Amino acid sequence: MVHTMKKYGIIYCAYNTEEYVLDSIEPFLDRENHVVSAVSVPFAEYKDIDDFHDNTTQLLEGLVAHGRLKYLVDTPKFVPEATARNHALEHLRKHNVDYIWLVDSDEFYTERDIKEIENYVEGSDKNLFKLSLRNFVFDKDHYLEEPFCPPRIFKTQIPIPELEDCIRLENFYWDNDIYYSYENQAIRYCDIEELTTIPEGVAHIRHYTWLNDQIGKRKVAYQHKHFGHCGYKWDEENQRLDFDLEFHKKQNIPIPLVKSVYDD
């Protein structure tokens, strides 16, 4: 039997992360089985938070100019997260990819991570996958013990035996949430099958999610506008993040445990 190489459409989201962007996108570039479509626009919630802009978009434009990045979406600005991802998805429809893989600019994969993840996905009889991310907090030496496993990889066509047909990946409707379609009917991914979590032993991706920097500060404001709450707060006096003890008390959830990389 001839093994056919599976093709992955990478939706890479990056905005105001110039410190990270070139390092985090690098492992996905120049791969024969990857088509990368990047989106670099501020989401709607940032419209009234601040007017900070860095060189993230310009750095990605440089990759396009050198032929290393296939597509870059940098307009329209201040749109919902799902809308921004849909603009990137639109480019990938031309390439008949087998999977859509979501990558954010604060996630750092190694070449080995990508290879092991692809082996796991292609060897599985499942269609929808979460990834194990190691959430770093406050600095790059500490991370949350609690696992963080968001949806990240979606098969573009899912066979449904009773229909003798496939349902097809359609659009994002909320953040990372996507729906499929069949005969003009929309089917949420969570109504198709339970997502499979790719184990930490396969890949445990570094995720710089809550650091003591301006990205972390803006993220607190974003979470309040997007979800109406946040488990972190920004300490203006000391210019740093901290857990929001009142939030955890009100939600009756424990303060997360933090581990040091030096204790691993």
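None of the values given here were measured: they were computed from a predicted structure.

**A closer look at the overall build of the chain**
Across its full length, the chain holds six helices and 18 strands. Against the compact-globule benchmark of 18 Å for 264 residues, the chain has a radius of gyration of 19 Å, which places it among compact chains. Split into buried and exposed, the 264 residues of the chain put 50% on the buried side. Within the chain, contacts between residues separated by at least 24 positions form 69% of all contacts whose residues are at least 6 apart in sequence.

**Things to note about the sheet that holds strand β13 (residues 185-188)**
Here four strands make up an open sheet; going across it, the order is β10-β11-β12-β13 and the pairing antiparallel. Taken across any chain shown, the strands that pair with only one partner, and hence form the sheet edges, are β10 (157-160) and β13. When the angles between neighbouring strand axes are averaged without regard to direction, this sheet yields 40°.

**Comments concerning helix α2 (residues 56-65)**
Along α2, the positions that sit buried rather than exposed are Thr-56, Thr-57, Leu-60 and Leu-63. Buried positions in α2, seen along its axis, are confined to an arc of 115° and lie on one side of it. Buried residues along α2 sit in contact with β1 (8-13), α1 (21-25), β2 (34-39) and β3 (71-73). Gly-67 occupies a position one or two residues after α2 and carries a positive phi of about 75°.

**Points about the layout of surface pockets**
The space that makes up the second largest pocket amounts to roughly 270 Å³. Lining the second largest pocket are Leu-89, Leu-92, Arg-93, Asn-96, Val-97, Asp-98, Ile-100, Thr-156, Gln-157, Arg-168 and Leu-169. Broken down by secondary-structure element, the contributors of at least two residues to the lining of the second largest pocket are α3 (81-92) and β11 (165-174). Residues that form the lining of the second largest pocket fall into these classes: five nonpolar, three polar and three charged.

**Regarding the pairing of strand β16 (residues 232-235)**
Here β16 shows a clear split, with Tyr-232 and Trp-234 buried on one side and none of Lys-233 and Asp-235 buried on the other. Looking at chain direction, β16 and strand β17 (residues 240-243) are connected through four bridges and run antiparallel. Bridge assignment links Tyr-232 to a residue of β17, and that residue is Phe-243. Following β16, the chain reverses through four residues before pairing antiparallel with β17; Gln-239 in that reversal takes a positive phi of roughly 50°.

**Digging into the nonpolar core**
Counting residues in each nonpolar core, the largest one holds 31 residues, and the members touching the most others are Ile-11, Ile-100, Phe-154 and Tyr-180. At the level of secondary structure, the elements contributing two or more residues to this core comprise β1, β2, β3, α3, β4 (99-104), β10, β11 and β12 (177-182). Per-element accounting of this core gives the leading share, five residues, to α3. Listed in part, the 29 residues of the second largest apolar core include Tyr-8, Tyr-99, Leu-131 and Ile-153.

The rules behind each value
Residues numbered from 1 in each chain as written. Predicted model: local features only at pLDDT ≥ 70, side-chain atom pairs only at ≥ 80, totals over all residues. Heavy atoms only, no water. Helix = DSSP H or I, 4+ residues; strand = E, 2+ residues; numbered from the N terminus. Rg over C-alpha atoms; globule rule 2.2 N^0.38 Å. Buried < 20%, exposed > 50% of the residue type's maximum accessible area, 1.4 Å probe, protein only. Contact = heavy atoms within 4.5 Å. Pairing = 2+ DSSP bridges. Axes fitted to C-alpha atoms, helices over the stretch in contact; angles between N-to-C directions. Arc of directions from axis to C-beta. 1 Å grid on protein atoms, 1.4 Å probe; cavity = no way out; pocket = protein on both sides within 12 Å on 5 of 7 lines; lining within 4 Å. Points joined across faces, edges and corners; volume = space filled by probe spheres on them. Nonpolar A, V, L, I, M, F, W, Y, C, P; charged D, E, K, R; others polar. Core = buried A, V, L, I, M, F, W, Y, C linked by side-chain atoms within 4.5 Å.

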